[in-house]
Amino acid sequence: MKTQTPRFLFISVSLISMAAIGYEILLMRLLSIVQWHHFAYMIISLALLGYGASGTFIALSKRLIIPHFALAFSVGAVLFSVSMIICFALGQRVPFNALEIVWDSRQVLYLLLMYLVFFVPFFFAATCICLAFTCLKEHIARIYFFDLLGAGAGALTIIAALFLMSPQYALRLLAVFALAASALVVSGVASPLRNRLLLAQGGFFIALLLFLPPNWPDFRISQFKGQSQALQVVDTRVLGQYSNPLGLLTVVESPTIPFRDAPGLSLNTQSEPPAQLAIFTDGDAMSVITRFDGNLNSLAYMDDVTAALPYRLLDRPRVLVLGAGGGTDVLFAVYHGARVIDAVELNPLVTKLVGETHADFAGNLYDDDRINVYVDEARSFVTRSADQYDLIQVALLDSFAASGAGVQALSESYLYTVEAIEEYLRHVAPGGMLAITRWLKVPPRDTMKLFATVIEALRREGAAEPGQSIALIRSWNTSTLLVKKGNLSGQEIEIIREFCDINAFDTAFYPSMPASEANRYNVLDRPFLFEGAMALSGYGAAEYFERYKFQIEPATDDKPYFFHFFKWRTLPELLSLRKRGGAGLIEWGYLVLVATLIQAILAGALLILFPLCVIKRNWPSGAGKRMGAYFFILGLAFLFVEMAFIQKLVLFLGHPLYSVAVVLSGFLTFAGLGSGYSQKLVQRYRGRRLLLVAYAVTGIVSVALVYLFLLPDLFDRLIGQPDAAKIVIALLLIAPLAFCMGMPFPIGLGTVARKAPDFVPWAWGINGYASVVSASLGTLLAIEFGFTVVILLSLGLYVMAAVVANTGTIFRLPPSDP
Amino acid sequence: MNLFKKIYRSKAAIFILLATASFVIRADDMQYALDRAAMVAEIERYARLTGDRTGDQAFNKPVMRSMASVRRHEFVPDAKKRFAYENRPLPIGFGQTISQPYIVALMTDLIEPDSDDVVLEIGTGSGYQAAILSRLVKSVYTIEIIKPLAENATARLQRLGFENVTTRLGDGYYGWAEHAPFDAIVVTAAASHVPPHLVKQLRPGGRMVIPVGGRFMTQQLLLIEKTETGEVKTRQVIPVIFVPLTGAH
């Protein structure tokens, strides 16, 4: 039976895709606020299995549903709309505590419950689209085109929406899109149910806009996040809450028991920090605005922290602060008499808080003529800058808790790569310095890796003895690394030693440092930092990397995972020490990623493959495996390329958000166009689909290979262009690649629809399954092997897809319906 | 007669009920005691495996006696009572936790408590650490910044008879000058720096211990020692034997 195409169906498909991808991005935001981002990632990756499961559902129930396609689509869309909101409210009520998962096995059950809740909306969204594919076989490429187009627009829309409205309203906006999709389709249906459905939609629409309280569903932020804990303290209160796609900022005041953030403050100090306001990002990651009344004496504590070291060596320097945060590091430079201070901050809202909203509290710091504040991504700012500085200071912006629990293992950071250090050093004037302060963990991880990174950067820049220009000091919880442009003099070394003696800090490295000086005030079991620094600055680096139980090899732009310290070899030992206080040494972030991958593989098999296996198959034996392989490979490869591109463009576009928005919308839109074009090609070259797949794959491989070699150079040349021009350039670069990548899937699916129509839900399910697996697999591969390898691998997969197609079963099957 | 029978029966019923209840309560108590003994045995086993940082192969006996005598289940919320003697941290509400018993024992051991000592604790929480210290030292002063926790802990410590513990709601940053100097200070959660006032209020020869890390995972213990001459040094102790390097040079 042929299903008639309902009016506005293609637009509805677009709207559903738009809302679905928007929901995915928004959910990532929302769950990062109430939980932690790596668990958000874990939950969403599994929820996406709803996509795969919808294929199974359609395969099992198609006889019932297909005759009522339009109604089913419309009901599915309404359910999608309602469940988006309900499930977020419900999901927050699950008492899941990520931090307790090591100790309490019930947390795993709660986690499962979270999956189940968030699975629902994706299931309904995907069911609508899969229905369209299954019922309107002759329009597959067109549906795919509108599906991708909608998804592309969805990525852009949600990011724009998050700039304009609160996350709660953004959620409602998405629900309205899904409602509109439903209304459009059902309006053309001649069924007695039509009016009731329209009425229900109208009711829900009005409820969304008029009756729901503005902050519903409210955020139930985990009680173990910094913000929740701060708010328990007597008399604390929230002064304001601000949101954009970069995060939810909450400003908290604690008049009775003030915030006193002063990392690395000497134990010998007689001073204390003045009152501070806390800025929490997503309920955690505290940054502070320090009260300043123009009296520098109130900031005397700033003399007694490890980060003060460079100012002992430089007179009235011209300073660049990377990561201005709440402005305390800028104030720090003011206190130490900097001549000029350029400060870079990623989040415009944070700058506004210091410069406008709480300007009085901050002593109108940003009105000072010596200070220039730039809203920009730090690395990108430095690359574009033509200035030279006496001091470049990389601020300590992440919180110790985040740094300690290894939750950042999955986040890329282009601040601490070898290339970044090279770039900073190029902007340091002769005799000037680069200073980086990090939290110090025991056993050392960040500091050790940073030291190795600096040594590698200096070597690449041609330094024969890189150790001659480096000094490293530490307190009990921070380390400050100094890299001088030129060799450190004897006099400078004397000043460093004296500074450390006064403050009971330890010197961990300086040129020709005697071993007897290490480990005097803050005693570790062994002078690990000194020993490590000696080995890494000499010729024993390779052996030391190998012997160290954490991963401390330098991060590069190709593997920008500075916070990844996990080594499999160390895991059994740490697990056996878990109950004896060893749990804190395990780098959990990486393990969560591995768990995400394993659960995706298992749950996918259970939810998608197993049910499909037991249903009746109506295609020639042996064909299924190859068809399945084809769609699985395409799912993996598409996301690998997309992920790698997001990474490659972060530096060029200067902002991770721009990169995500441009890459997602660019890839989806141009892949959509490619898909639409493939339908024309198929009609023109009937019977030669195999060749079309081969052409598309050739296109993908050649464009990607050219990019691999050309892009770094091209980006270097064009990075100084204005943002808008760079976005256009990025889109133009994405266009040919994505256009070709949009073809193999609809060509394959169209063929399957004609020759083995029962396989369509299978193809959709398997492809969805592969996309879920590829998200975590891609990150794991990038951490281990770098993005270049991920791209090469994806190209290999595309070639494999062409080979699988060529070996016959899909494209050489006789048509099932004459 | 009937009335008499009724009264008699109901009395009998009440008696049976009371007897059963007391039996259940006693059974509960016995179970808790058994669990506590098992917990102490586990901590001792781990201590032997780890080796004390002072070079001994076990925690000080008085510390372990105190661990064996304090009824930890009285310090955890009802819903968590059945896990009270498991060697793991437990949430106690308000985003706070009662520490893992092994870490409590280790921290207590590190400050080398003496029966004449006056100890300051910053962060009362449930009151468990103060209770453990109470059996080992002369007096314990403890400050909590979260009001309901401070109130609950005060009531609990009083009810359980820990009379040498004095609690206060307030800011721990400035210590407790009236009772200073202290022979030992226990800070239950690390901040970005060690408050200078606490260092001042530590008696020469005294020790301060601070766990560093998240609420559910202690990464290291910071031990601050003030020498007789007033010089301050720290030792950073990870709770386990873990050498970050493998193999020989």
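Fair warning: this is a prediction, and the values are worked out from it, not measured in the lab.

Quick look at the overall build of chain A
Then comes step 1: Helices and strands together make up the secondary structure of chain A, namely 28 helices and 13 strands.
Then comes step 2: Here the C-alpha radius of gyration of chain A, 28 Å, is about what a compact globule of 818 residues would show, namely 28 Å.
Then comes step 3: Taken along the three principal axes of its C-alpha coordinates, chain A extends 90 × 55 × 55 Å.
Then comes step 4: Taken across its 818 residues, chain A has 64% of its residues classed as buried.
Then comes step 5: Considering only intrachain contacts with a sequence separation of at least 6, the fraction spanning at least 24 residues in chain A is 77%.
Then comes step 6: For chain A, the accessible surface area stands at approximately 29000 Å², while carbon and sulfur atoms represent 62% of it.
Then comes step 7: Where the 61 positive side-chain charges of chain A centre and where its 59 negative ones centre are 16 Å apart.

So, the overall build of chain B
Then comes step 1: Along its length, chain B carries six helices and nine strands.
Then comes step 2: For chain B, the residues scored as buried account for 53% of the 249 residues in total.
Then comes step 3: Counting only contacts in chain B whose residues sit at least 6 apart along the sequence, the fraction spanning at least 24 positions is 53%.

A closer look at the pairing of strand 9 (residues 428–439) of chain A
Residues and elements named next belong to chain A.
Then comes step 1: Of all the twelve residues making up strand 9, ten are buried; the element is thus mostly covered by neighbouring parts of the structure.
Then comes step 2: Two strands pair when backbone bridges link them, and strand 8 (residues 389–394) and strand 9 are joined in this way by five bridges, in the parallel orientation. Looking at strand 9, one finds that Ile 392 is bridged to Leu 434.
Then comes step 3: Relative to strand 11 (residues 478–484), strand 9 is paired through seven bridges, and the arrangement is antiparallel. By the bridge assignment for strand 11, Ile 436 is matched with Leu 481.

A few points about unusual backbone geometry
Then comes step 1: For the bond running from A:Trp216 to A:Pro217, omega is -5 degrees, close enough to zero to count as cis.
Then comes step 2: In this structure, A:Pro217 sits in the loop between helix 8 (193–211) and helix 9 (226–230).
Then comes step 3: The linkage connecting A:Val442 with the following residue, A:Pro443, adopts the cis geometry, with an omega of -10 degrees.
Then comes step 4: Here A:Pro443 is to be found in the loop between strand 9 and helix 16 (446–460).
Then comes step 5: One non-glycine residue, A:Asp282, adopts positive backbone phi at about 50 degrees.
Then comes step 6: Relative to the helices and strands, A:Asp282 resides in the loop between strand 3 (276–281) and strand 4 (284–290).
Then comes step 7: With a phi angle near 45 degrees, B:Glu112 is a residue other than glycine that sits in the positive phi range.
Then comes step 8: A residue is classified by how much of its surface remains accessible, and B:Glu112, at 41% relative accessible area, is partly exposed.

Details of the interface of chain A and chain B
Then comes step 1: At the junction of the two partners, chain A supplies 68 residues and chain B supplies 65 residues.
Then comes step 2: Taken over both partners, the interface formed by chain A and chain B buries close to 5500 Å², and the fraction arising from carbon and sulfur atoms is 58%.
Then comes step 3: When the buried area of chain A at its contact with chain B is split by residue, A:Trp476, A:Arg547 and A:Arg580 rank highest and sum to 15% of it.
Then comes step 4: The interface formed by chain A and chain B contains two salt bridges.
Then comes step 5: Note that A:Glu100 and B:Arg88 form a salt bridge whose closest N and O atoms lie 3.8 Å from each other.
Then comes step 6: Here chain A is connected to chain B by 18 residue pairs in polar contact (both at pLDDT 80 or more).
Then comes step 7: At the level of elements, helix 14 (400–404), strand 13 (522–523), helix 19 (541–547) and helix 20 (571–576) of chain A are the ones that each hand at least two residues to the side of chain A that touches chain B.
Then comes step 8: Relative to strand 9 (residues 232–237) of chain B, strand 13 of chain A runs parallel, the two being bridged by two bridges.

Re the sheet that holds strand 6 (residues 182–187) of chain B
Then comes step 1: Spatially, eight strands are ordered 13(A)-9(B)-8(B)-7(B)-6(B)-3(B)-4(B)-5(B) in an open sheet, and the strand pairing comes out mixed. Strand pairing shows two members of the sheet lacking a second neighbour, strand 13 of chain A together with strand 5 (165–169) of chain B, which therefore form its edges.
Then comes step 2: Helix 3 (residues 101–110) of chain B contacts strand 6, strand 7 (202–213) and strand 8 (218–226) of chain B of the sheet and is inclined by roughly 15 degrees relative to strand 8 of chain B.
Then comes step 3: Packing against the sheet, helix 5 (residues 147–159) of chain B makes contact with strand 4 (139–144) and strand 5 of chain B, and its axis sits at approximately 160 degrees to strand 5 of chain B.

Quick notes on the packing of aromatic side chains
Then comes step 1: One pass over the full model with this rule turns up 44 aromatic pairs over all chains.
Then comes step 2: The side chain of A:Arg172 reaches across the aromatic face of A:Tyr169, ending 4.7 Å from its centre.

Topic: the nonpolar core
All names here are of chain A.
Then comes step 1: Among the nonpolar cores identified, the biggest contains 255 residues, and Tyr 23, Leu 434, Phe 645 and Phe 759 are the most heavily contacted of them.
Then comes step 2: Tallying contributions element by element places helix 22 (residues 623–653) first for this core, with 19 residues.
Then comes step 3: Excluding residues that lie within four positions of it along the chain, Phe 645 makes contacts with Ser 659, Val 663, Phe 667, Tyr 707, Leu 711, Ile 734 and Leu 737.
Then comes step 4: Counting 54 residues, the second largest nonpolar core, distinct from the first, contains Met 302, Val 354, Ile 371 and Phe 530.

Some remarks on the sheet that holds strand 3 of chain A
Residue and element names in this part refer to chain A.
Then comes step 1: One open sheet accounts for four strands, arranged 1-2-3-4; its pairing is antiparallel. A strand with exactly one partner marks an edge of an open sheet, and here the two such strands are strand 1 (237–244) and strand 4. Taken over all neighbouring pairs, the strand axes of this sheet differ in orientation by 20 degrees on average, direction set aside.

Observations concerning the domain arrangement of chain A
Then comes step 1: On domain assignment, one finds that chain A holds domain 1 (1–220), domain 2 (226–281), domain 3 (294–563) and domain 4 (616–818).
Then comes step 2: Measuring from the centre of the C-alpha atoms in domain 1 of chain A to the corresponding centre in domain 3 of chain A gives 45 Å.

Remarks on the packing of helix 4 (residues 69–91) of chain A against helix 5 (residues 106–135) of chain A
All names here are of chain A.
Then comes step 1: At a closest axis distance of 8 Å, the pairing of helix 4 and helix 5 adopts a crossing angle of 160 degrees. When the interaxial angle is binned, helix 4 and helix 5 end up roughly antiparallel. Of the two possible hands of crossing, helix 4 and helix 5 adopt the one that is left-handed.
Then comes step 2: Residues belonging to the contact of helix 4 with helix 5 are distributed by class as follows: 21 nonpolar, three polar and no charged.

Conventions and cut-offs
- Residues numbered from 1 in each chain as written.
- Chains lettered and ligands numbered in written order.
- Predicted model: local features only at pLDDT ≥ 70, side-chain atom pairs only at ≥ 80, totals over all residues.
- Heavy atoms only, no water.
- Helix = DSSP H or I, 4+ residues; strand = E, 2+ residues; numbered from the N terminus.
- Rg over C-alpha atoms; globule rule 2.2 N^0.38 Å.
- Buried < 20%, exposed > 50% of the residue type's maximum accessible area, 1.4 Å probe, protein only.
- Contact = heavy atoms within 4.5 Å.
- Areas by Shrake-Rupley, 256 points an atom, 1.4 Å probe, with all protein chains shown as cover.
- Lys, Arg positive; Asp, Glu negative; His and termini not counted.
- Charge placed at Lys NZ, Arg CZ, Asp CG, Glu CD.
- Pairing = 2+ DSSP bridges.
- Buried area = accessible area lost by both parts, 1.4 Å probe.
- Salt bridge = Lys/Arg side-chain N within 4 Å of Asp/Glu carboxyl O.
- Polar contact = N/O pair within 3.5 Å; in protein donor to acceptor, adjacent residues only side chain to side chain.
- Axes fitted to C-alpha atoms, helices over the stretch in contact; angles between N-to-C directions.
- Phe/Tyr/Trp six-rings, centres within 6.5 Å; stacked < 30°, edge-to-face > 60°.
- Lys NZ or Arg CZ within 6 Å of the ring centre and 35° of its normal.
- Core = buried A, V, L, I, M, F, W, Y, C linked by side-chain atoms within 4.5 Å.
- Domains from an automatic or database assignment.
- Parallel < 35°, antiparallel > 145°, perpendicular 65-115°, else oblique.
- Left-handed = near helix turned anticlockwise from the far one by under 90°.
- Nonpolar A, V, L, I, M, F, W, Y, C, P; charged D, E, K, R; others polar.

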